[in-house]
Amino acid sequence: MSQAWKGLIGFLVGRPLIAILIAGIVVGFLLLFFTHRQKTPVTHRVQHVGLTDKQQMQLGSEEYAKTLRQDRANVIASGTGYAQVQRVATRIEAVARRDKPAFVWKVTLLRKNEANAYCLPGGKIVVYTGILPLTRTDARLATVLGHEVAHATAEHVAERIEREKLTRIALAIIAGGVAVTPAQYTHLLALLGVGSEAATLPFSRKQESEADHIGLIYMARAGYDPHQAVAFWKRMLAASKGNEPPEWESDHPSNAHRVEQVEGWLPEAERAQRGA
Ligand SMILES: [Zn+2]
């Protein structure tokens, strides 16, 4: 059992049952009336999201503007790396747009010696030059961009924000009037992974696997060979043998498990590529 679950159970034991019941009813009510029930693209998982497309775009645009202000001197607007990133992103964006037509897609390449790339809610993508020596080919870069863009189309940040909000509400009701010190309350929130800044929250394992799945189908729909995605993850696996995985991957599922999963989705990806 994880530490978070132990912490939660420890907290619930000794609380009045009625408080737990009320918290359940209130959260159920909020889910029903204040969130949209929708399905993720490709994986068709039912999810509850409170933020609208417009709100997500605003959240992402603010974060994007901040990044560009801070890193203005490092924005790359020419050269082969720039051309490759634009070329691949254009094809991935065209596929993602079918699932999220409201989002405004844009990619920026930043000079940074770090193997990282991400897509903000609403469609703003940032790629660091440090990832290009790892990806090299268009298909491998498409694997990375497909994964990052999938986080945005599957609304993973918005989903996380919703979960955090409901957890806070439920805990406040359950803790209400019962002897819980503010320090204990903060500690409990931290155990449950609640309380960090929304836009920079790490995704859950489940969301990471889902982004792998959706991303693979996206790169295949964009016309890239999905076997190249497997080759890429294998390459990452070999690179991380005996070492810490590269930073951008540290919240991601283990590479060995990832290769296995991606191989399992290959038949679906091959069909997607044929239909491209
Ligand atoms: Zn990810």
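Just so it is clear, the structure is predicted and the values come from calculations on it, not from any experiment. (Residues numbered from 1 in each chain as written. Predicted model: local features only at pLDDT ≥ 70, side-chain atom pairs only at ≥ 80, totals over all residues. Heavy atoms only, no water.)

Peer 1: Before we go on, may I ask you to explain helix H11 (residues 255-264) in this structure?
Peer 2: In an α-helix, one turn spans 3.6 residues; hence positions three or four apart end up facing the same way. Within H11, burial applies to Asn255, Arg258, Val259 and Val262. For H11, the angular spread of buried residues about the axis comes to 100°, placing them on one side. Set apart from the buried face of H11 by more than 90 degrees, the exposed residues are Glu260 and Gly264. Tucked into the core, H11 has its buried residues touching helix H6 (138-153), helix H9 (205-221), helix H10 (227-240) and helix H12 (266-274). (Buried < 20%, exposed > 50% of the residue type's maximum accessible area, 1.4 Å probe, protein only. Helix = DSSP H or I, 4+ residues; strand = E, 2+ residues; numbered from the N terminus. Arc of directions from axis to C-beta. Contact = heavy atoms within 4.5 Å.)

Peer 1: Help me understand the packing of aromatic side chains in this model?
Peer 2: Each aromatic ring pair is characterised by the separation of its centres together with the angle its planes make. Tallying each qualifying case throughout the model produces three aromatic pairs. Consider the rings of Phe232 and Trp233, whose centres lie 4.9 Å apart with planes at 65°: the pair is edge-to-face. Comparing Phe232 with Trp233 shows no difference in burial state: the two are buried. Directly above the aromatic system of Tyr224 lies the positively charged group of Arg91, at a separation of 4.1 Å from the ring centroid. Over the aromatic face of Trp233 sits the side chain of Arg258, whose NZ or CZ is 3.8 Å from the ring centroid. (Phe/Tyr/Trp six-rings, centres within 6.5 Å; stacked < 30°, edge-to-face > 60°. Lys NZ or Arg CZ within 6 Å of the ring centre and 35° of its normal.)

Peer 1: Got a minute to help me understand the pairing of strand E4 (residues 106-110) in this structure?
Peer 2: Note on strand geometry: in a regular strand, side chains alternate between the two faces of the sheet. Among the five residues in E4, four count as buried, and that is most of the element. Relative to E4, strand E3 (residues 75-76) runs antiparallel, the two sharing two bridges. Paired with Val75 across the bridge in E4 is Leu110. Alignment of E4 against strand E6 (residues 124-128), held across five bridges, turns out to be parallel. Bridged to Leu110 within E6 is Tyr128. (Pairing = 2+ DSSP bridges.)

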